[in-house]
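These are the residues of each chain, in order.
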Amino acid sequence: MSSFVADVLLSAGNLEKIDLKEKITEIEKKIIKLKHEVKEFMHYNYIDFVPRMKKDNAMIRDAEKLITEMEILEKRVDDQVKLKLPSSQKELKDISNSLNELHLSLQISNRLLNVHKCITSVEKLQEEKRYIEIANTLRQMQNYLSDSTVILQNLNIYTNLLNEYGTYYGAFVTEITTQAQEFISWKEEITQKNELIVNLTIENENKQIEDIILALHYVDHLSAYLHAFAINLLKHFIKSIITKNCYVYVVQEKVFNVEIIDNSNTLPEYKSVLHNLQLLFTFLNQHFNMNIGDRTFLSRLGDYLLDEFFELLIKNCISNIIPNSRAKLESFDPIADDINEFQNYLLDIGLISKEQCFVSEYTKDIDNLFISKICEDFLVRARDIMKKDLHDSILLEPQVLTFDSIENDLKVRKLSENTFQLPTCRISKSAQEILHLGKEILNETCQSSDKCAIKLFHTSRNVFEMYSALIPENHKILLETVPQQAALFHNNCMYLAHNLITLTKEYEYKLLPILKQHNITYADQTLMLRKVGWEHFSNHMKIQRDIIFDILRKSALATMKQSPKLSQDTKRDLDQCLRQLDHLKIVWIEILPENIYCRAIGNIANSMVEDLIAKITAVEDIPADLATELVTLLNMIVQKTPSIFPEEETVQRYIRNWRKLLELIIVLGASLVEIEKRWANSQGPLAHEFTADQVKRLIRALFQNTERRSALLMRIK
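The shown structure was predicted, so the numbers you read here are calculated from the model rather than taken from an experiment.

**Student:** Where do I start with the pairing of strand β3 (residues 245-251) in this structure?
**Tutor:** Within a regular strand, side chains alternate between the sheet's two faces. Pairing between β3 and strand β4 (residues 255-262): seven bridges, direction antiparallel. In the sheet register, Val250 faces β4, and the bridge partner there is Phe256. Two successive antiparallel strands, β3 and β4, enclose a turn made up of three residues, where Gln252 displays a positive phi of approximately 55°.

**Student:** Help me understand the pattern of salt bridges, please; the structure alone is not making it clear to me.
**Tutor:** Oppositely charged side chains are able to pair whenever their charged atoms sit close together. For the coordinates displayed, the defined rule picks out 16 salt bridges. Across the pair Asp573 and Arg572 runs a salt bridge whose closest N-O atoms are separated by 3.7 Å. When the shortest N-O distance is used, the salt bridge between Asp611 and Lys615 registers 2.8 Å. With a gap of four residues between them, Asp611 and Lys615 both fall in helix α22 (residues 594-617), about one helical turn apart.

**Student:** What should I look at first to understand unusual backbone geometry in this one?
**Tutor:** Outside of glycine, negative phi angles account for most residues, and trans bonds account for most peptide bonds. Positioned with a positive phi, Glu253 is a non-glycine residue whose angle comes to about 60°. At Asn681, a residue that is not glycine, the phi angle is positive and equals roughly 50°. With respect to the helices and strands, Asn681 occurs in the loop between α26 (672-679) and α27 (685-689). For Asn681, a relative accessible area of 65% puts it in the exposed group.

**Student:** What's the story with helix α11 (residues 333-348) in this structure? I'm lost.
**Tutor:** Think of an α-helix as 3.6 residues a turn; residues three or four steps apart then line up on the same face. For α11, which comprises 16 residues, the first-to-last C-alpha distance of 22 Å matches the rise-based estimate of 22 Å (1.5 Å per residue) to within 8%. Looking only at α11, the buried set comprises Ile335, Ala336, Ile339, Phe342, Gln343, Tyr345 and Leu346. Looking at the residues trailing α11, positive phi occurs at Gly350, about 85°.

Thresholds applied
Residues numbered from 1 in each chain as written. Predicted model: local features only at pLDDT ≥ 70, side-chain atom pairs only at ≥ 80, totals over all residues. Heavy atoms only, no water. Pairing = 2+ DSSP bridges. Helix = DSSP H or I, 4+ residues; strand = E, 2+ residues; numbered from the N terminus. Salt bridge = Lys/Arg side-chain N within 4 Å of Asp/Glu carboxyl O. Buried < 20%, exposed > 50% of the residue type's maximum accessible area, 1.4 Å probe, protein only. Expected span 1.5 Å × (residues − 1).

Read these as spatial facts, not as claims about activity.
Dropping the structure here:
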C-alpha cells in the first residue's frame, strides 16, 4: 500500500481538492475491504466459532496503516477548510464529512480487531500463568467494549463479544481465587488434649502471592477477598488472642499457629495479648509486604479489619487495665508505654495511619478513664448488691447522730434527740451495703479533682436511683407473694431515705468547693425512695386484703340475703381469716417499726370488719337463730383480733370500725327497748356508728312488723 502523503501542499486550489477526492476514494475502497474482512473474521470466530488465526495479525497491521493515512488525510482536509476559500467551502465540507464517516467506520473495525487481540492474548497468558498481564488485558478488553467514543453496542456481534469477555473474566476470577485459597489457607484441628489449634498457612513464594493479590486488584475483586480475609483473621486469630489464653508460634516461617490452652472466661494478661498480636502482624507483614497501587496490602486490609479489631482490643483488654484505684493510677505509666509501643509498631508496618492511632486517643486522658472506670466499678458493685436476697436481714436500733451540723440543728431549733432517729426495725443487709457504698463514693469524691468529683457525686445519686428501680424488678415475684419481702423492702427504702436526708449534712464540710456550686442534694431521691417503698408495701397489703375478701366471698356470710342460714363451715372460714391476720403478725411484727406494723395490720383487719358489717347490714331478714349465730361469730372476732396488736387495748385506735362492730353485736342481741336506749335520740353510742337508715334497716330485718316496731322506726331520725 503506497503512501498518500505529499511533501508540500502547493496551493489551496482545484488541484489539491481533486487530489483529496482521489485519495479519499482510494482509502474508502481499502476501508470497505477491511470492514468486509473484519466482519467475516469476527463472524467466523465469535458466531460460527471457526477460527482463522492466520489473518488476524495481517488485518491488524492493515488497520493500523490505514489509521495513520487517515490521520494525515484529516490534517490536510482540516488545513484546506481553514483556508476558507469562498469558491470551495461547500465542496471541502462534503469532503470532510465523508472523511469523518470513513474514520468512524475504520475505528470500529480497529476496535473489533483489538478486542480479538485481547482474547487471544488472554488465552496465551493463561497457559503461562502470567496473572497480572491477564488481569490488565481483561481490563483493557473491558475498556474497549465500554468505550463511549467508539460505539460497538449497535453491532450484532456485540452481545457475543460481551459474553465472551464475561466467560474469560469469570474463569479468571475463579482461577485466581482458587489459587489464593491454595496459597493462603485457614485450618482448625483438635489435639489429643482436646485443645483447639488454628493456623494460617502460606504455601507459596511471596512473588506468586503478590501476583495473585495484584491480579485480584486489577479485576476489581480484591475488596471481596480482603473482606473475607479480615473475617477469617478476626474469627480464627485476633478474637482468640484477645479473649483466650493462647500459645502462639510459627513453624518454618510458613505456618502461624494459635493454640488455645485455656477455654475459660478468664481474660489473658495485656502483655500476652499485645505480644501475640504483634507476632501475628509480623507474620502478615513478612508475607504480604507489597504495594497495591498507592497503598500497601496491610493498609487496604485495615479498611475491613480495624473497626472490629479496635472494639475487641479496647473492650476485652485495654479497658480492663485502666486503673481502678489511686495506687494503680500512679503506676500506670509503664502500661501506657507498652500500649503506645504496640500502636507504633502497627503504624510502622502500615496497618494503621496516624489518624487511626486509636490507643493514644483512648489513653491520653487517663484521669477521665480512671474516674470512669471507678464509677463503672461502683455501679457494677451496686447491681451485684441489689441481686442479693432481701430476707438476709439485721435488726436496726435507733442511733444517736454524732456529727456537729445535725447536733447544732437540734439545739438551735430545740428539737428532740429522736427527730433524726430511725425507729427499731429490721432491714436487709444489702440496703446497709448500698448506704456504705454511697458513702464510699462520697469519700472518693472528697479526694478527687473538680471534674472527677462532679462525676462521682452523680454516680452516688445513680446508685440510690438504681435501688428504687432494680429491686422491684429483680425481686418482683417475692415482693408480690412473700409478706416478709414486702415489709423488708419498705424498711429498706425508708432506711435509705432517712439517711439521705442527713447525708449531705454529714459531708457538708468535706466536699470540694466546686460541688457547692452545684445542687448537691438527695432530697428528690428521698421522696422517690419513700414513695416506691410505700407503694410496694401498700400493693402487698391489698393482696393480703384480697385473700381475706376471697375467703369471706366464698363463705355462707355472702349468701345470707338469699338464704338466711349459716353453714357449719362459716366458723371455719372466719377462723381462716383470723389465722391470716395471725400469720401477718408473726412475719411483720419483728420487721416493721411498731407504728407502721399497727397501721398496716389494723388497715387489713379493718377491711375485714368493714366487709362483715356490710354483708350483715345488707340482709333484709335476720331470724332470731341467725342473729344468735352471728353474735357468736362476731364475738369470736372481738375476742381474738386484739391479740394481733402489741398492746391489745390499741385495737380501737387502729381498727376504725371496731366500735361499729361492737354496736352491731349489741343490736343483733338486743330488744327494741335496748336499741332505742342506745340510739338515745341520735345522741347515743349507736348513733355515733350507724346512720338512721342503717339502724332502721337492721330493726326491720331483726323484728316482725308490730306497732311497737313502727313507733320506734318513727322515732329514729
